[in-house]
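# Report on the structure
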Amino acid sequence: MDVNHSAEHQLDPFPHYERMRETAPVYFDEQSGSWHVFRYDDVQRALSEYATFSSHMGGDDASGTGQLFSSSLIATDPPRHRQLRSLVTQAFTPKAVDALSPRIAGLTDELLEGFAVRGSADLIKELAYPLPVIVISELMGIPPQDRERFKRWSDVIVSQTRTGAANEDHTAANVEMTEYFLALIDQRRSRPGQDLISTLLAAEIDGQKLTVPELLGFCALLLVAGNETTTNLIGNAVLCLAENPGTIDRLLREPALIPQAIEEVLRFRSPVQSMYRLTVAETTLGDEVIPAGAPIVAWIGSANRDERQFQRPAEFDVDRGHNRHLAFGHGIHFCLGAPLARLEARIVLEALLSRLPGLSLEPGAHLERMDSTIVYGVKALPVSW
Ligand code: HEM
């Protein structure tokens, strides 16, 4: 049985997931020493039962994300998790995020202006990548000239070797990013502003300030984890529409369906395919008894195609209601940035449909998936209209 995601699996992992759901839904991979979980119910349990499945993977964790994230919200268990999360929930409620709508729409228009007259573009490079970076950078008070660096760092950080081990590039990117954030935190400490970093610096939990690793963890998580994923949500949405031209007509006639279409993209081509956990006690998943201290890989991308949960799961269907996909996780770690990602995707799709009629993939375009088994998206998306 192969869970090592060869190049073939990387481009189209879905047949592999289907096979695993049928034949080995909870599978121990001897080579990596981790357990792979493929069915919806089991993935949901692994993501949400934090007393058994810990998010704290240790200093240099098995997900390969390294030190920078190890003290962040996403890698913390209760009670610390609840405390940390409460510091940032206000900034990301649907209401707070809705207030950003005019700015996001304005930025989308500006970016579109840059290439709309040309008739063709790489939508990742010119729209889906820059938009989320600018939005989160503005929220966090990152100077515009520094944004380009994140592209490089986040590319390196989300790309993973097949074994999940960190490599030299990975370590270097972590070091550079840590130095950058330390300098930025110092700057904000002496000159606070209205941004999220200043808010986090002022915050106290039971009279205690956040530790430096916790501050660094927040910066890294917000600036990297949320960007790449939103870029891929937008890219994957355009890909799904390009493959289903009837859907484009449908959404043009019924723009109110766009949010539901975005949920279907999240299910069908989940930007995050897998998340990691570590068992803290012996437990049973499916028919398998898993010991304490075992790394778990919960395959969200497989859960979202599970025929036990979804009818016709291999079909992209914008009419799918009651879409209980796990693309943003489940339970206490449910994605904090979900309202923001959904809003950005909606604004972009509305703009693309109305401003670039006839949008389709460049004929003969060779699509290459990003070098990651965790993040799912294409490196470039050449389209014309
Ligand atoms: C958590 C996916 C966008 C910030 C998560 C988790 C998933 C996820 C699956 C759960 C992790 C776990 O259970 O271990 C996505 C996807 C996105 C997206 C698919 C875009 C389509 C964003 C954005 C931001 C963000 C835009 C911030 C601006 C976070 C944070 C957490 C998180 C802070 C950790 C929450 C916690 O541990 O309590 N995301 N995310 N995400 N996401 Fe997102």
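Residues numbered from 1 in each chain as written. Predicted model: local features only at pLDDT ≥ 70, side-chain atom pairs only at ≥ 80, totals over all residues. Heavy atoms only, no water.

### Looking at helix α17 (residues 338-355)
Each α-helix winds once per 3.6 residues, and so residues spaced three or four apart point in a common direction. Along its 18 residues, α17 runs 25 Å from first to last C-alpha, staying within 8% of the 26 Å computed at 1.5 Å per residue. Among the residues making up α17, those that are buried are A338, L340, A341, L343, E344, A345, I347, V348, L349, A351, L352 and L353. (Helix = DSSP H or I, 4+ residues; strand = E, 2+ residues; numbered from the N terminus. Expected span 1.5 Å × (residues − 1). Buried < 20%, exposed > 50% of the residue type's maximum accessible area, 1.4 Å probe, protein only.)

### Digging into the coordination of the iron atom of the ligand
Angles at a metal have ideal values that depend on geometry: 109.5 degrees with four tetrahedral donors, 90 or 180 degrees with six octahedral donors. What the protein offers the iron atom of the ligand as a donor is a single atom, C335 (SG), at 2.3 Å. By the element assignment, C335 lies in the loop between α16 (300-303) and α17. (Donors = N, O, S within 2.8 Å, 3.2 Å for Na, K, Ca; no water.)

### Focus: the sheet that holds strand β7 (residues 274-279)
Taken together, the 5 strands give an open sheet; going across it, the order is β1-β2-β10-β7-β3, and neighbouring strands pair in mixed fashion. Of all the strands in the sheet, the pair left with one neighbour each is β1 (26-29) and β3 (53-54). One ladder, built from 2 bridges, connects β3 with β7; its direction is antiparallel. When the sheet's bridge partners are listed, F53 is paired in β7 with T279. With respect to the sheet, helix α3 (residues 40-48) is in contact with β1, β2 (34-37), β3, β7 and β10 (295-299), its orientation differing from that of β10 by roughly 125 degrees. (Pairing = 2+ DSSP bridges. Contact = heavy atoms within 4.5 Å. Axes fitted to C-alpha atoms, helices over the stretch in contact; angles between N-to-C directions.)

### With respect to the confidence of the model for the protein chain
The share of residues in the protein chain with pLDDT of 70 or more is 92%, and the mean pLDDT across the chain is 90. Segment residues 1-8: pLDDT under 50, and 21 contacts once partners within four positions in sequence are set aside and those in other chains are kept. In this model, residues 60-65 is a region of pLDDT below 50 whose contacts with residues beyond four sequence positions or in other chains number 15 contacts. (pLDDT = per-residue confidence, 0-100.)

### Describing helix α11 (residues 168-190)
Compared with the 33 Å implied by 1.5 Å per residue over 23 residues, the 34 Å span of α11 between its first and last C-alpha is a close match. Residues of α11 that are buried: H170, A173, N174, M177, Y180, F181, L184, I185 and R188.

### Here's the deal with the pairing of β1
Looking along a regular strand, one sees side chains alternate from face to face of the sheet. Note that β1 and β2 share 4 bridges and pair antiparallel. When the bridges of β2 are listed, F28 appears paired with W35. Counted along the chain from β1 to the antiparallel partner β2, the turn is 4 residues long, and its residue G33 has a positive phi close to 75 degrees.

### Some details on unusual backbone geometry
Residue P78 is joined to P79 through a cis peptide bond whose omega torsion reads 5 degrees. You can see P79 is positioned in the loop between α4 (67-70) and α5 (80-88). One non-glycine residue with positive phi stands out, namely H322, at about 45 degrees.

### Here we look at the pattern of salt bridges
Within the structure shown, the criterion is met by 24 salt bridges. Taking the shortest distance from any N to any O, the salt bridge between R118 and E126 comes out at 2.4 Å. Through salt bridges with shared partners, a single ionic network connects R21, E22, D306, E307 and R308. (Salt bridge = Lys/Arg side-chain N within 4 Å of Asp/Glu carboxyl O.)

### Some details on the nonpolar core
Of all hydrophobic cores here, the largest spans 89 residues; its most connected members are F181 and L352. Here this core takes 16 residues from helix α13 (residues 212-243), the largest share from any one element. Every residue in contact with L352, bar those within four places of it in the chain, is listed here: L112, L123, L127, V238 and P357. In this structure, V37, L285, I296 and V297 belong to the second largest nonpolar core, which totals 32 residues. (Core = buried A, V, L, I, M, F, W, Y, C linked by side-chain atoms within 4.5 Å.)

### What about the site of the ligand?
With respect to spatial proximity, 27 residues lie near the ligand, and among them H81, R85, R277, H333 and C335 are the closest. Residue R277 places a side-chain N or O atom 2.8 Å away from an oxygen atom belonging to the ligand. Breaking the shell around the ligand down by element, the ones donating at least two residues are α5, α13, β7 and α17. Ranked by residue count, the leading element in the shell around the ligand is α13, at 6 residues. A per-class count over the shell around the ligand returns 18 nonpolar, 7 polar and 2 charged. (Near = heavy atom within 4 Å. Polar contact = N/O pair within 3.5 Å; in protein donor to acceptor, adjacent residues only side chain to side chain. Nonpolar A, V, L, I, M, F, W, Y, C, P; charged D, E, K, R; others polar.)

### What to know about empty space enclosed by the protein
On inspection of all chains with the given rule, the structure shows 2 cavities of 30 Å³ or more. By volume, the second largest cavity is sized at about 70 Å³. Together, V238, L241, A242, I248, L349, L352, L353, L359, S360 and V383 line the second largest cavity. Every element with two or more residues in the lining of the second largest cavity is listed here: α13 and α17. (1 Å grid on protein atoms, 1.4 Å probe; cavity = no way out; pocket = protein on both sides within 12 Å on 5 of 7 lines; lining within 4 Å. Points joined across faces, edges and corners; volume = space filled by probe spheres on them.)

### Quick notes on the sheet that holds strand β11 (residues 360-361)
By definition, the strands of a sheet pair up through backbone hydrogen bonds, in either a parallel or an antiparallel sense. Reading across from one edge, β4-β12-β11 is the order of the 3 strands in this open sheet, with antiparallel pairing throughout. Strand pairing shows two members of the sheet lacking a second neighbour, β4 (120-122) and β11, which therefore form its edges. Across 3 bridges, β4 lies against strand β12 (residues 382-384) in antiparallel orientation. Following the sheet pairing, D122 is matched in β12 by P382.

### Section: the state of the cysteines
In this structure the tally under the stated criterion is 0 disulfides. Looking at C219, it has no disulfide partner, and the nearest cysteine sulfur is the one in C335, 17 Å off. Taking relative accessible area as the criterion, C335 reaches 28% and is therefore assigned partly exposed. (Disulfide = S-S within 2.5 Å.)

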